[in-house]
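These are the residues of each chain, in order.
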Amino acid sequence: MEKLVVTGPTSLKGEVTISGAKNAAVAILPATLLIDGICTIENLPNISDIKISCQILEALGAKIKWNNKNSITIDTTNITTTKAPLDLTSKFRASYYIIGAMLSRMGEIEVGMPGGCKLGARPIDQHIKGFELQGATVTVEKGTIYAKAKKLKGSPVYMDIVSVGATINVMLSAVLAEGTTIIDNAAKEPHVVDVANFLNTMGADIRGAGTDVIKINGVKKLHGNATYSVVPDQIEAGTFMLAAVATRGDLLLKNCITKHLESITAKIVEVGGNVEDYGDSIRVWCNKRPNKANIKTLPYPGFPTDLQPQMGVVLSIANGSSIINESIWESRFQYTEELNKMGAKITAQGKTAFFEGVKKLYGAPVYSSDLRAGAALVIAGTVAEGTTEIYNLEHIDRGYENIEEKFRKIGAKIERVKE
Ligand code: UD1
């Protein structure tokens, strides 16, 4: 078993280069199944979710060559099976994108129910509704999803809720369908736009990604022979921005799209931090105890749920009392119990948490319940006085490339230790 050992407090200072976006990359890789040919994907984050995505594609017949640790060339000319390996697909959430892509490419797919962070109920009814409206038959039996379609047909699809996964999945199934699909009440996250940009680079006809209505005119074929670079990770950038505030540090984040960070920038300024925006890089610094603030998580362009735990660390040491209202996931406050072990005073009830700001956190052994909770604990360990031991690193490794090295370079005293 591995743990991260963090000794604090440290004020984080220096430069961080932001990696490619996990949530875009885990959709772009299955999207390559729509291409009957070869393409190169660059700026891939080197994280375990990407390695598993590649293993799933290889099990389906794709050939993958790693050009370096952040770039692959993938040949999807021969897809040899329509059964995705259950042990791999159950390991992460985004395995559901195999359904949209394979329905479109092969007319059939058998895949396990997706796994991923335990954030409460994570239904996929809106994905299934979209496929069915396009003419597919979808059944779920004993944890396996069976989806079939002779020929998918474009259709209007109104999403009952704003869902990143369902928007992207229906986009994938619509690209090669006969006719036009219009997704109404679509998610507008940067990774939705990035997947659309990737598919359009390969010959798809998708318009309106980034707004709440996306129109996809089905095309006969996607061509390969192109190179695509994944968008920078909004959530990794936001994690380091909040780390700068929590540790009263000064960080310059390179390779980010600051337009995607506006909701975070606004809250950082509200709590008394400073931000300088250079378009493709951003400087964040803070030289005092943060002020209190209230947060409500919302779909993009609102404050992202995936930065809620990291913001929770800032508010746990703020001057005054704050409230976070989590509107996306039912169980996203598990990290607050761990912060309380470190001296925080947080009461979580359902989807609301009350933060009574304390002056200091103290090191303690803590457990990462999910990916972003893990990142929050790394920040908390850097803020806290003494030694923090963070367990359950598999969650963190799913989504952050080399987290300890990036934190160490900006001054954190952090080691990965095998027990
Ligand atoms: C994606 C992100 C995840 C992020 C979340 C919200 C990936 C791989 N993961 O997850 O990091 O926290 O967006 O920004 O991109 N819902 C339904 N029915 C559905 C689909 C979703 O009721 O068919 C509900 C969910 O329970 C949740 C809300 O809709 O309450 C949003 O979920 P969704 O945007 O789909 O999240 P994911 O795509 O799973």
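Predicted model, so just to flag it, every value in this text is computed and none were measured.

Trainee: Whenever I open this one, the domain arrangement of the protein chain confuses me. Can you help?
Mentor: Many structure descriptions define interface size as the accessible area lost when the parts assemble. Taken domain by domain, the protein chain comprises domain 1 (2–19 + 232–418) and domain 2 (22–229). The distance between the C-alpha centroids of domain 1 and domain 2 comes to 30 Å. Taken together, the contacts link 23 residues of domain 1 with 23 residues of domain 2. Taking both sides of the interface into account, the surface hidden between domain 1 and domain 2 amounts to around 1,900 Å²; carbon and sulfur atoms contribute 53%. Summed over the shared surface of domain 1 and domain 2, the number is two salt bridges. For the side of domain 1 that touches domain 2, the secondary-structure elements that each account for two or more residues are α12 (371–383) and α13 (393–399). Counting residues per element, the side of domain 1 that touches domain 2 draws most heavily on α13, which supplies three residues. Its residues assigned to classes, the side of domain 1 that touches domain 2 shows seven nonpolar, seven polar and nine charged.

Trainee: So what exactly am I meant to see when it comes to the packing of aromatic side chains here?
Mentor: For any pair of aromatic rings, the description rests on two quantities: the centre-to-centre distance and the angle between the ring planes. Evaluated as defined, the whole model comprises five aromatic pairs. When the ring of F240 is compared with that of F407, the centres are 4.9 Å apart and the planes differ by 35 degrees; the resulting orientation is tilted. Placement of the pair is F240 in helix α8 (residues 234–246) and F407 in helix α14 (residues 403–409), with a sequence separation of 167 residues. Owing to a relative accessible area of 1%, F240 belongs among the buried residues under this scheme. Its relative accessible area of 1% is what places F407 among the buried residues.

Criteria and cut-off values
Residues numbered from 1 in each chain as written. Predicted model: local features only at pLDDT ≥ 70, side-chain atom pairs only at ≥ 80, totals over all residues. Heavy atoms only, no water. Domains from an automatic or database assignment. Contact = heavy atoms within 4.5 Å. Buried area = accessible area lost by both parts, 1.4 Å probe. Salt bridge = Lys/Arg side-chain N within 4 Å of Asp/Glu carboxyl O. Helix = DSSP H or I, 4+ residues; strand = E, 2+ residues; numbered from the N terminus. Nonpolar A, V, L, I, M, F, W, Y, C, P; charged D, E, K, R; others polar. Phe/Tyr/Trp six-rings, centres within 6.5 Å; stacked < 30°, edge-to-face > 60°. Buried < 20%, exposed > 50% of the residue type's maximum accessible area, 1.4 Å probe, protein only.

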